[in-house]
Amino acid sequence: KLQFFFFFIIFLNFFSLLIFDKHHNSNINRVIINPGMNLEEISQQLSSKKIIKNPDIFKIWVKFSFQEKKLKFGEFLFKKNNSIYDVTKKLIDGDVVFRKLTIVEGSSKYELLNILKEIDPKSSLKHDDISDLIVADTYNYQITDSAEKILNDIRKISNDFSQKIWSERDQTIPLNSINEMFILASIVEKETSVRDEKPIISGVFFNRLNKNMRLQSDPTVIFAITEGRYKLNRKLTRKDLKFRSVHNTYVNKGLPPKIIGFPGKDSLLSATSPKKSDLLYFVSKNKGGEHYFSSNYKQHLKNVKLWKNKRRDINEIK
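Quick notes on the rules
- Residues numbered from 1 in each chain as written.
- Predicted model: local features only at pLDDT ≥ 70, side-chain atom pairs only at ≥ 80, totals over all residues.
- Heavy atoms only, no water.
- Salt bridge = Lys/Arg side-chain N within 4 Å of Asp/Glu carboxyl O.
- Buried < 20%, exposed > 50% of the residue type's maximum accessible area, 1.4 Å probe, protein only.
- Helix = DSSP H or I, 4+ residues; strand = E, 2+ residues; numbered from the N terminus.
- Pairing = 2+ DSSP bridges.
- 1 Å grid on protein atoms, 1.4 Å probe; cavity = no way out; pocket = protein on both sides within 12 Å on 5 of 7 lines; lining within 4 Å.
- Points joined across faces, edges and corners; volume = space filled by probe spheres on them.
- Nonpolar A, V, L, I, M, F, W, Y, C, P; charged D, E, K, R; others polar.
- Polar contact = N/O pair within 3.5 Å; in protein donor to acceptor, adjacent residues only side chain to side chain.
- Contact = heavy atoms within 4.5 Å.
- Axes fitted to C-alpha atoms, helices over the stretch in contact; angles between N-to-C directions.
- Parallel < 35°, antiparallel > 145°, perpendicular 65-115°, else oblique.
- Phe/Tyr/Trp six-rings, centres within 6.5 Å; stacked < 30°, edge-to-face > 60°.
- Lys NZ or Arg CZ within 6 Å of the ring centre and 35° of its normal.
- Left-handed = near helix turned anticlockwise from the far one by under 90°.

## Topic: the pattern of salt bridges
Here is step 1 of the chain: Under the counting rule described, the total for this entry stands at 17 salt bridges.
Here is step 2 of the chain: Lys198 serves as the salt-bridge partner of Glu189, at 3.2 Å between the closest nitrogen and oxygen. Both residues of the pair, Glu189 and Lys198, belong to the buried class.
Here is step 3 of the chain: One connected set of salt bridges, linked through shared partners, spans Arg30, Glu75 and Arg99.

What follows is the structure, given as C-alpha cells:
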C-alpha cells in the first residue's frame, strides 16, 4: 500500500506538470483567500477570478496530493499563465501580497486609528488602545490582517528599534526611560522637518532641562488645545501660551506626560544623540523650516526681530 501511494503521488505531480494546461489570462489578477475558507470556497474563488479553469479538477488535485491543510490565506497575485501546480504552489508557499501603511511623522493617534478603521471597519480598537511607543514609518500588512494584528506588529517593530537606540544612547542625556525618549522626540519632530537640525534642537531642549528652564515649545501648546483631535488652523496667541494644561511646556517645567505626535527615526535618534552646545533658544527663519539658534536671550531677541521682519516682508509680497 505504501508503494502504491508513493507511485501515486509521483504520478500526480507528473500529471500536473505535463497534462494540466496553463490557463491563459491576459490580466494580472488578485484573489483574497480569507481565514477559515474551505477548499470548496477557495476553488470557487479561484475559478471566479479566472485563475483556474476547472474548480473540480483543482479540488481533486489538492486532495489527492494531501495539500489541503497546507493552503495559506492572504492576498495573492497571479500573472498571466497558471497551471494548477503553479497555483497550488503559490498558495502553499504563502506567496502573498503585502500592502503598506504609512504613519506620517508627527501624526496623531486619532489619525492612525482612522487608518486602521479604514482597513478593518469591524475593529473595536479605541484611541486609548494605541501605544505612545510607536515609530512613524512605513509598515507592511496583509489585507486579511485585523486592525489589532497590524497594530501589534507595528508595536513590536517599533519596540525593537527603540530598545536598540535606547541601549546605545548618550548616557549623559537627562532622560530616565524609553517613554521619555519618545516624548522628547515627538516635540523635536513637531519643531522641525529639517533632518540636520533635529540633533541641535534636541540639544537645546536638554540644555533647558539641565538648567531647570521650561521647554517653551509651541507644538506642546497646540497639542494642549487640540489633544491631537484636529488641526489648529490659526496662529498661536499670547493667551494660548498661558493655556492651562499638563501638556503646555510654557506653564509647566519638564517634559509633558505623553507624546504630542508619533516621532520618526531621525527624531528618536536625535533624542538619544543630541548635538552638544551651549544653545538655549531658537526661532524660525521663515524659510524651508530652518531656524536661528542662540545661546543667550539678547541674541534670541535679535533673531526674533529678524523673523518678524521677514514674515512682514513675505506678507507684503503676498
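## Considering the pairing of strand E1 (residues 28-33)
Here is step 1 of the chain: Burial along E1 is one-sided: the residues Asn29, Val31 and Ile33 are buried and none of Ile28, Arg30 and Ile32 is.
Here is step 2 of the chain: Pairing analysis gives six bridges linking E1 to strand E2 (residues 74-79), with the strands arranged antiparallel. When the sheet's bridge partners are listed, Ile32 is paired in E2 with Glu75.

## Some thoughts on empty space enclosed by the protein
Here is step 1 of the chain: As enumerated under the stated definition, the model contains two cavities of 30 Å³ or more in all.
Here is step 2 of the chain: Its volume calculated, the largest cavity comes out at about 90 Å³.
Here is step 3 of the chain: Around the largest cavity, the lining residues are Ser107, Ser108, Lys109, Tyr110, His127, Phe223, Glu227, Lys258, Ile259, Ile260 and Gly261.
Here is step 4 of the chain: Tallied by class, the residues present in the lining of the largest cavity amount to four nonpolar, four polar and three charged.
Here is step 5 of the chain: Estimates place the volume of the second largest cavity at around 40 Å³.
Here is step 6 of the chain: Lining the second largest cavity we find Leu101, Tyr139, Asn140, Tyr141, Ile150, Asp153, Ile154 and Ile157.
Here is step 7 of the chain: Sorting the residues of the lining of the second largest cavity by element identifies strand E4 (138-141) and helix H6 (147-167) as the ones contributing at least two each.

## A closer look at the layout of surface pockets
Here is step 1 of the chain: In this model, the largest pocket occupies a volume close to 1,800 Å³.
Here is step 2 of the chain: Around the largest pocket, the lining comprises 47 residues; the ones closest to its centre are Asp218, Leu236, Leu241, Tyr250 and Trp307.
Here is step 3 of the chain: Within the residue set of the lining of the largest pocket, elements represented by two or more residues are helix H5 (109-119), helix H7 (178-191), helix H8 (198-210), helix H9 (218-226), strand E5 (281-284) and helix H11 (297-317).
Here is step 4 of the chain: In terms of residue count, the dominant contributor to the lining of the largest pocket is H11 (seven residues).
Here is step 5 of the chain: Of the residues belonging to the lining of the largest pocket, the class tally is 21 nonpolar, 13 polar and 13 charged.

## A closer look at the side chain of Thr192
Here is step 1 of the chain: Take Thr192: it is sitting in the loop between H7 and H8.
Here is step 2 of the chain: Its relative accessible area of 4% is what places Thr192 among the buried residues.
Here is step 3 of the chain: A polar contact of 3.4 Å, which involves the side chain of Thr192, links it to the side chain of Glu197.
Here is step 4 of the chain: Those residues in contact with Thr192 that lie beyond four places of it in its chain are Glu197, Lys198, Ile201, Gly289 and His291.

## Considering the packing of H5 against H6
When two helices pack together, their arrangement is captured by the angle between the axes and the distance separating the axes.
Here is step 1 of the chain: Where H5 contacts H6, the two axes come as close as 9 Å, and the packing angle between them is 135°. Regarding the angle of H5 to H6, the classification is oblique. Every residue of H6 that contacts H5 at Leu112, Leu116 and Ile119 is listed here: Ala147, Ile150 and Leu151.

## Topic: the packing of aromatic side chains
Here is step 1 of the chain: Enumeration according to the criterion identifies four aromatic pairs in this entry.
Here is step 2 of the chain: Ring centres of Phe76 and Phe78 lie 6.5 Å apart, and the angle between their planes is 35°; on these two criteria the pair is classed as tilted.
Here is step 3 of the chain: With a relative accessible area of 0%, Phe76 lands in the buried category.
Here is step 4 of the chain: Linked through ring pairs, Phe205, Phe282 and Phe293 together constitute an aromatic cluster.
Here is step 5 of the chain: When the ring centre of Phe78 is taken as origin, the NZ or CZ atom of Lys90, which lies over that ring, is 5.7 Å away.
Here is step 6 of the chain: For Lys265, the ring lying beneath its charged end belongs to Phe161, and the centroid distance is 5.1 Å.

## Re the packing of H7 against H8
Here is step 1 of the chain: Remark: H7 packs on H8, axes separated minimally by 10 Å, with the N-to-C direction vectors making an angle of 125°. Here H7 lies oblique to H8, going by the angle between them. For H7 against H8, the interelement crossing comes out right-handed. Counting all contacts with H7, which are made through Leu184, Ile187, Val188, Glu189 and Glu191, the residues of H8 involved are Lys198, Ile201, Ser202, Phe205 and Phe206.

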